[in-house]
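Inside the fold
One-letter residues, chain by chain:
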Amino acid sequence: MVTLSHAIAPPGLGLHRRTSHGFSPPSLRLLTTSSGVAKNSSRVFAQSKSHSRQQIDFSDPDWKSKFQKDFEKRFNIPHITDVFPDAVPIPSTFCLQMRTPVIENFAGGYPSDEEWHGYINNNDRVLLKTIYYSSHTSAGAECIDPNCTWVEQWVHRAGPREKIYFKPEEVKAAIVTCGGLCPGLNDVIRQIVITLEIYGVKRIVGIPYGYRGFSDKELAEMALSRKVVQNVHLSGGSLLGVSRGGPSVSDIVDSLEERGINMVFILGGNGTHAGADAIHNECRKRQLRVAVVGVPKTIDNDILLMDKTFGFDTAVEEAQRAINSAYIEAHSAYHGVGIVKLMGRSSGFIAMHASLASGQIDICLIPEVPFQIHGPHGILHHLKYLIQTKGSAVVCVAEGAGQNLIEKTNATDASGNMVFGDIGVHIQQETKKYFKEAGVPVDVKYIDPTYMIRACRANASDGILCAVLGQNAVHGAFAGYSGITVGTCNTHYVYLPIPEVISHPRLVDPNSRMWHRCLTSTVKIKKENATINSLVELMKESKSKNGSEVRGRRHEETKKREEEDLT
Ligand SMILES: Nc1ncnc2c1ncn2[C@@H]1O[C@H](COP(=O)(O)OP(=O)(O)OP(=O)(O)O)[C@@H](O)[C@H]1O
Ligand SMILES: O=P(O)(O)OC[C@H]1O[C@](O)(CO)[C@@H](O)[C@@H]1O
Ligand SMILES: [Mg+2]
């Protein structure tokens with residue numbers, strides 16, 4: 001892949017220069033000026049729990065311990081005892097003996113495994129950041145202070161606790177799936193149900209069609225059990241259905257009260273989590289003993305602080321199938337140009353990872369990296385060059401990319417999310433126009449696999465992630481936590497307070513190693529020595545055993561013709 005910075009990046013967008021698109025984590029973002037250059041000031045700001053900015057004076061010798069105290073407060077996870085200090089825990093009912101939930105009542109006491117060391121201590125912690133950056137200029141650097149001081153940042157480890165704050169026979173648990181579809185929703189639903197049953201919960205319901213199901217009287221809640229969910233993970237979609245928009249938070253909490261629900265598992269993206277946090281706060285305001293636990297779901301991977309969200313891997317896998325088709329089409333056509341548009345809202349993770357996975361992309365366009373379509377640094381100029389030198393090209397464009405280059409739709413969906421203009425179609429049309437005007441024949445094939453990448457069943461790695469997240473969601477609720485979400489940090493499972501993961505969407509950092517890897521993964525030809533490389537390629541091609549001699553010859557003919565046609 002020829003990199004944007006080599007070929008089409010606007011002047012000034014070098015790889016080593018930080019831009020300010022909000023992609024950096026809060027601490028770093030605050031160290032950058034609007035032009036993106038790190039500011040060497042001793043007074044900068046860090047975010048506090050309420051997301052108002054708290055000033056840190058780095059000339060204070062004690063700043064580090066103050067920062068850590070503030071961090072601990074921000075990442076503290078709300079517990080039932082914050083509101084009900086007299087709540088009395090009981091020994092956990094989560095044990096191997098409960099795996100076959102045949103026990104009808106617990107009059108004789110809960111069964112337990114003796115000397116089982118499978119519980120998590122409430123004081124166990126996971127390190128949030130594991131790299132020590134010695135300089136702001138290190139790739140992907142996330143520094144707090146101008147000297148890049150190492151500051152340990154610990155978050156709460158997820159898992160089953162020895163003491164629980166809900167008696168299983170008093171629990172009515174609900175599961176709801178909101179937002180758009182995502183591979184793995186059924187896997188999480190299944191695992192939540194199975195784990196609840198292991199704790200001994202008998203009343204488990206699914207709320208149909210997202211938050212809407214709480215208020216729409218036509219929609220009945222669905223009784224869930226191991227039997228019902230046994231095979232649901234074998235298909236994509238959501239057993240419960242999904243929706244955007246819906247009732248107010250107050251109506252949702254009224255509904256929880258009416259239904260007697262005291263544990264609610266909310267699967268969704270950043271919008272859903274904003275709702276989950278508001279539900280948690282409303283329950284606290286009403287002094288309700290309800291555990292509200294989120295499970296982050298989004299193919300976009302735009303939730304902060306976690307390694308990845310479930311469904312993302314599967315979406316990437318599906319997306320690179322579309323790229324592969326575009327590549328085959330483009331490669332088999334005379335002057336073929338393949339264009340693939342991929343989902344991801346304002347984040348370019350799917351496009352970046354699918355491009356990297358496929359190894360077949362020449363130009364990857366993501367929202368976080370500005371680009372031009374026309375002009376000497378534009379993608380069309382570069383496409384012409386690729387056609388000239390390679391005979392074909394493949395472009396992967398994220399749906400949120402280049403929105404400044406097309407007309408705004410001014411439309412929003414039912415949840416208030418902005419509806420993007422269609423950058424894929426725009427690039428397709430502009431490509432056709434450009435080559436027609438240049439008198440160069442091209443065969444443009446446009447693929448928009450939009451819903452295909454999220455309406456499928458989870459792959460194995462997402463299946464495992466879903467299972468662990470589902471189990472940990474239930475452990476968190478039984479442990480008495482609320483207003484939390486589950487995730488992976490550096491491969492370990494953690495509980496995080498909801499506001500910390502949704503303060504803004506997570507974006508690709510153009511200074512990260514991953515973006516650099518994407519750019520350099522399949523560099524084929526560099527502009528400066530195009531002829532030499534093309535010849536080398538041609539020689540390689542004609543020598544290869546897989547019968548590509550014909551293609552080599554055709555390529556040579558193409559080249560000759562192009563040299564005549566193109567300037
Ligand atoms: N700030 C908010 N407060 C309360 N509820 C919200 C808020 N934002 C969104 N919601 C509700 O959350 C639900 C899902 O939101 P949204 O459609 O934005 O999807 P999402 O959870 O971000 O998932 P996706 O990744 O598919 O976009 C909707 O029912 C919406 O009404
Ligand atoms: O289901 P809808 O409303 O078309 O949503 C599409 C959006 O949902 C997602 O699939 C998940 O957030 C985005 O990638 C995409 O922009
Ligand atoms: Mg969202």
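Everything below is about the structure shown above.
Here the structure is a predicted model, which means the values were calculated and not measured.

1. Focus: the environment of Ala354
When you line up the elements, Ala354 lands in helix α11 (residues 349–358). Remark: the alpha-carbon pair of Ala354 and Met452, spanning 98 residues in sequence, is separated by 14 Å. With near-sequence residues (within four places) excluded, Ala354 lies in contact with Val316, Ala319, Gln320, Ile323 and Leu342.

2. Let's talk about the site of ligand 2
The environment of ligand 2 is made up of Arg244, Ile299, Asp300, Met343, Gly344, Arg345, Glu399, Tyr451 and Arg454. Separating an oxygen atom of ligand 2 from a side-chain N or O atom of Asp300 is a distance of 2.6 Å. The contact in question runs from an oxygen atom of ligand 2 to an N or O atom on the side chain of Tyr451, over 2.4 Å. Notes on ligand 2: free accessible area 400 Å², of which the protein chains cover 80%. In the shell around ligand 2, the residues fall into three nonpolar, one polar and five charged. The residue makeup of the shell around ligand 2 includes at least three contributed by each of domain 1 (62–100 + 119–308 + 458–504) and domain 2 (312–456 + 514–521).

3. Description of the site of ligand 1
Not every one of the 17 residues close to ligand 1 is listed here, only the nearest: Gly180, Arg244, Gly245, Thr272 and Ser415. Lys297 is positioned such that a nitrogen or oxygen atom in its side chain is 2.8 Å from an oxygen atom of ligand 1. With respect to ligand 1, the side chain of Ser415 contributes an N or O atom lying 2.6 Å from an oxygen atom. Alone, ligand 1 offers 620 Å² of accessible surface; in the complex the protein occludes 79% of this. The biggest single contributor to the shell around ligand 1 is helix α9 (residues 270–285), with five residues. When we break the shell around ligand 1 down by domain, the ones giving at least three residues each are domain 1 (62–100 + 119–308 + 458–504) and domain 2 (312–456 + 514–521).

Parameters and conventions
- Residues numbered from 1 in each chain as written.
- Chains lettered and ligands numbered in written order.
- Predicted model: local features only at pLDDT ≥ 70, side-chain atom pairs only at ≥ 80, totals over all residues.
- Heavy atoms only, no water.
- Helix = DSSP H or I, 4+ residues; strand = E, 2+ residues; numbered from the N terminus.
- Contact = heavy atoms within 4.5 Å.
- Near = heavy atom within 4 Å.
- Polar contact = N/O pair within 3.5 Å; in protein donor to acceptor, adjacent residues only side chain to side chain.
- Areas by Shrake-Rupley, 256 points an atom, 1.4 Å probe, with all protein chains shown as cover.
- Nonpolar A, V, L, I, M, F, W, Y, C, P; charged D, E, K, R; others polar.
- Domains from an automatic or database assignment.

Nothing here speaks to function; it is geometry throughout.
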